[in-house]
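Analysis of the macromolecular model
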Amino acid sequence: MARPIFRTPTRSCVRDAPAAAGAEFAIAHGLVGIGEGVNGRPRSIAEAILAVAQAHGEKTGRMLARFAGLPDGTFVWTRQLDGGYRLGRIGGAWRYDDSSAARQAPEPHPDTRAS
């Protein structure tokens, strides 16, 4: 049975950042990440989905829910700044990363799973 491969977003929400800057941050840190930060630190994925939907819209909340529900071993791909592609695999539980590095990235990726 074929396994689906999911695309992770690469476009930065930061107006002056290069289009794939967020993907480069995630790749450099061994993460698959999506989304922008929210006020406060969600204690669970359910809290994060609600906070993201309220802050950034229902579509973003649904994307986070789908992403967080992917099983370990799921393939994901993204585009890099040089136009190339990067293939990774989901590994580990979802977590909210509000580290200084994540907050300062061109595209915040607080909702992460290891790649």
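Everything here concerns the structure above.
Cut-offs applied
Residues numbered from 1 in each chain as written. Predicted model: local features only at pLDDT ≥ 70, side-chain atom pairs only at ≥ 80, totals over all residues. Heavy atoms only, no water. Pairing = 2+ DSSP bridges. Helix = DSSP H or I, 4+ residues; strand = E, 2+ residues; numbered from the N terminus. Axes fitted to C-alpha atoms, helices over the stretch in contact; angles between N-to-C directions. Salt bridge = Lys/Arg side-chain N within 4 Å of Asp/Glu carboxyl O. Buried < 20%, exposed > 50% of the residue type's maximum accessible area, 1.4 Å probe, protein only. Core = buried A, V, L, I, M, F, W, Y, C linked by side-chain atoms within 4.5 Å.

1. Thoughts on the sheet that holds strand β3 (residues 75-79)
Taken in spatial order, the three strands of this open sheet run β1-β3-β4, and their pairing is mixed. Looking at the sheet topology across the chains shown, the edges are occupied by β1 (5-7) and β4 (85-89). Direction aside, the axes of adjacent strands within the sheet are offset by 30 degrees on average. Sheet topology places β1 next to β3; three bridges connect them, and they run parallel.

2. Some thoughts on the pattern of salt bridges
Scanning the entire structure with this criterion turns up one salt bridge. Two residues, R43 and E47, come together in a salt bridge whose shortest N-O distance is 2.9 Å. Taking the relative accessible area as the measure of exposure, R43 reaches 74% and is therefore exposed. With a relative accessible area of 31%, E47 lands in the partly exposed category.

3. Here we look at the environment of R66
Locating R66 in the fold gives a position in helix α3 (residues 58-68). For R66, a relative accessible area of 57% gives the class exposed. Between the C-alpha atom of R66 and that of I49, which follows or precedes it by 17 residues, the distance is 10.0 Å.

4. Remarks on the environment of A23
Within the secondary structure, A23 is located in helix α1 (residues 21-28). A23 sits in the buried class, given a relative accessible area of 4%. C-alpha separation for the pair A23 and W77, spaced 54 residues apart in sequence, amounts to 9.8 Å.

5. Observations regarding the nonpolar core
Note that soluble globular proteins tend to have their nonpolar side chains buried in a common cluster. Judged by nonpolar contacts, the single largest core of 15 residues is most densely connected at V32, V38, L64, F67, V76, I90 and W94. Counting only elements with at least two residues in this core, the list comes to β2 (31-34), α2 (45-56), α3 and β5 (91-96).

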